[in-house]
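# Examination of the molecular architecture
The residues making up each chain are set out below.
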Amino acid sequence: MSMTFSGQVALVTGAAAGIGRATAQAFAAEGLKVVVSDVDVAGGEGTVELIRAAGGDACFVRCDVTRDAEVKALMEATLSQYGRLDYAFNNAGIEIEQGKLADGNEAEFDAIMGVNVKGVWLCMKHQIPLLLAQGGGAIVNTASVAGLGAAPKMSIYAASKHAVIGLTKSAAVEYAKKKVRVNAVCPAVIDTDMFRRAYEADPRKAEFAAAMHPVGRIGKVEEIAAAVLYLCSDHAGFTTGQALAVDGGATAI
């Protein structure tokens, strides 16, 4: 099924590795020009190299999504490089905490909320005017299955992802008549470097993670990328304000 994206421009934050990198590559494979952004310069430039090696068109712009001036500069760089913005995947996020709510600390709370919530808000704040200026577009934010219910020992992370869904739904309604669609993708456990760091020390945790999903395995980054591209495509033209679980059936239990 062709997504008919050719000639358009996509921006991906948190694109140095994992889901962000896979989605940037998927956009490029569909013929889009891609702005790759991350605080990890080496990783982001590596994503661009992979896209160019496959015949795609991409550039890297370093951005800390918690800083308004840097997010604004990212949008300016996008316009300078490609002249427009059609799609944005706000994927930048940080790793989850591992502890009960009362054991958390303020620095941890501020760090998680700063990237996962403020970062998404700032990106949409500066992306939406660009989309409105050319008559519409689509935004996808990375939430999580942790944003769809309880997440024991990940309460701050869960709160941040519930907030992302709240931002997503509110923006979707506010700009629906302006042809700007806003959705969220909610992955369960996905095979990324972040996952491997969390579970490599204890293979039993990896087995437990796989068993959490009725399909009997964890997800692949390409499966999340495919969902993002669908939500951006014209095939999802009647879909906005949704939090799409891509979770191997985990939230159906």
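Residues numbered from 1 in each chain as written. Predicted model: local features only at pLDDT ≥ 70, side-chain atom pairs only at ≥ 80, totals over all residues. Heavy atoms only, no water.

This part covers the packing of helix α1 (residues 18-29) against helix α8 (residues 221-232). Contact geometry of α1 with α8 gives a least axis separation of 8 Å together with a crossing angle of 55 degrees. One element, α1, and the other, α8, form an angle in the oblique class. For α1 against α8, the interelement crossing comes out right-handed. On the side of α1, the interface is formed by G18, I19, A22, T23, A26 and F27, while α8 contributes V221, E222, I224, A225, V228, L229 and C232. In terms of residue class, the contact of α1 with α8 is made up of 10 nonpolar, two polar and one charged. (Axes fitted to C-alpha atoms, helices over the stretch in contact; angles between N-to-C directions. Helix = DSSP H or I, 4+ residues; strand = E, 2+ residues; numbered from the N terminus. Parallel < 35°, antiparallel > 145°, perpendicular 65-115°, else oblique. Left-handed = near helix turned anticlockwise from the far one by under 90°. Contact = heavy atoms within 4.5 Å. Nonpolar A, V, L, I, M, F, W, Y, C, P; charged D, E, K, R; others polar.)

For the rest of this paragraph, the subject is the nonpolar core. Residues V35, V65, V71, L74, M124, I139 and V182 are the most contacted members of the largest nonpolar core, which totals 32 residues. Going through the elements one at a time, β1 (9-13), β3 (57-62), α3 (68-82), α4 (106-133), α5 (155-175) and β6 (180-187) are the ones with two or more residues in this core. If you tally residues by element for this core, the top one is α4, at eight residues. One finds A22, V185, A227 and V228 within the second-largest nonpolar core, a separate group that totals 30 residues. (Core = buried A, V, L, I, M, F, W, Y, C linked by side-chain atoms within 4.5 Å. Buried < 20%, exposed > 50% of the residue type's maximum accessible area, 1.4 Å probe, protein only.)

On the basis of which strands lie adjacent, the open sheet formed by seven strands has the order β3-β2-β1-β4-β5-β6-β7 and parallel pairing. Edge positions in the sheet fall to β3 and β7 (243-246), since each of these pairs with one other strand and no more. Direction aside, the axes of adjacent strands within the sheet are offset by 20 degrees on average. In the sheet, strand β4 (residues 87-90) pairs with strand β5 (residues 137-142) via four bridges, with the strands oriented parallel. Following the sheet pairing, A88 is matched in β5 by I139. Taken strand by strand, α3 contacts β1, β2 (33-38) and β3, and its axis lies near 155 degrees from that of β3. (Pairing = 2+ DSSP bridges.)

Space left empty within the atom packing is revealed by a probe, the size of a water molecule, rolled over the atoms. Roughly 1,600 Å³ of volume is contained in the largest pocket. As for the largest pocket, its lining consists of 50 residues, and the residues nearest its centre are I94, E95, I96, Y157 and M194. Those elements that provide at least two residues to the lining of the largest pocket are α1, α5, α6 (193-199) and α7 (203-211). In terms of residue count, α6 provides more of the lining of the largest pocket than any other element does, six residues in total. In terms of residue class, the lining of the largest pocket is built from 30 nonpolar, 11 polar and nine charged. Put simply, the second largest pocket is a space of about 170 Å³. Surrounding the second largest pocket, W121, M124, K125, I128, P129, L167, S170, A171, E174 and Y175 form its lining. Breaking the lining of the second largest pocket down by element, the ones donating at least two residues are α4 and α5. Taken together, the residues of the lining of the second largest pocket break down into seven nonpolar, one polar and two charged. (1 Å grid on protein atoms, 1.4 Å probe; cavity = no way out; pocket = protein on both sides within 12 Å on 5 of 7 lines; lining within 4 Å. Points joined across faces, edges and corners; volume = space filled by probe spheres on them.)

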